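Notes for the structure review
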Amino acid sequence: MSRDSKRPVIKAATSSHSGIAGLLVALGMAGCAAVFLTPSERIFEGRANATDGDSIRLENTRIRLKGIDAPELDQICRRGAQAYRCGEHARDALLSLVIGRPITCKAAGRDKYRRTLAVCTVGGVDIGSRMVASGWAVSYGDYMSEQRQAERRREGLWAGTFELPREWRRAHPIGP
């Protein structure tokens, strides 16, 4: 007890064991953060399912294909006088590329929804490139050459009229 009060004095442990334990805990936390918070360069492999035209689920990992943007599932586009659900068509196009086939994704970060951003391939073919070349996604910076070709050939979305997905999302916000 201290002379000035009736309360016991508590001294911090100064053993070298507590310092090492603290260091090990800190290193473990840093390692976990590196794996879970910044997935850059991490490789994911397996079979995937398309959740929309630019996203897949590979086991328990939600992956957004880097460099492309596809219509939202409930987005409507037009071919002449005919309206159609182009977001569903985009998802189906992606599904046809990945269903039942082993894919490999190389992580490149996270998007604002905490999904892993990745470049993915199936049979050595870049899935993002195929989606843009087939006209069911637009370039989001990485596939301008493929987009110009799809526009010239009037493939997918380019066979009619559509709002760019990011503009459609701005006009149709989710939630309150």
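Structure: above.
Nothing here was measured: the structure is a model prediction, and the numbers come from that model.

Tracing the backbone through its elements, the reader meets His172 in the segment after helix H5 (165-171). The exposure class assigned to His172 is partly exposed, which follows from its relative accessible area of 38%. A distance of 2.9 Å separates a polar atom in the side chain of His172 from the backbone oxygen of Trp168.

Time to look at the state of the cysteines. Two cysteines, two sulfur atoms, one covalent bond between them: this is a disulfide. By the definition in use, this model includes two disulfides. There is a disulfide in this structure between Cys77 and Cys86, and the S-S distance comes to 2.0 Å. Residues Cys77 and Cys86 are joined by a disulfide whose S-S torsion is about 55 degrees; by sign, that bridge is right-handed. Among the residues examined, Cys77 registers a relative accessible area of 1% and is labelled buried. Judged by relative accessible area, Cys86 falls into the buried class, the value being 0%. Across the disulfide, Cys105 is cross-linked to Cys120 (sulfur-sulfur distance 2.1 Å). Between Cys105 and Cys120, the disulfide has an S-S torsion of 110 degrees and is therefore right-handed. Linking Cys105 in strand S7 (residues 102-110) with Cys120 in strand S8 (residues 116-122), this pair joins segments that are 15 residues apart in sequence. The exposure classification of Cys105 matches that of Cys120, with both residues buried. In the chain, numbering the disulfide-bonded cysteines from first to last in sequence yields the connectivity 1-2, 3-4.

Rules used throughout
Residues numbered from 1 in each chain as written. Predicted model: local features only at pLDDT ≥ 70, side-chain atom pairs only at ≥ 80, totals over all residues. Heavy atoms only, no water. Helix = DSSP H or I, 4+ residues; strand = E, 2+ residues; numbered from the N terminus. Buried < 20%, exposed > 50% of the residue type's maximum accessible area, 1.4 Å probe, protein only. Polar contact = N/O pair within 3.5 Å; in protein donor to acceptor, adjacent residues only side chain to side chain. Disulfide = S-S within 2.5 Å.

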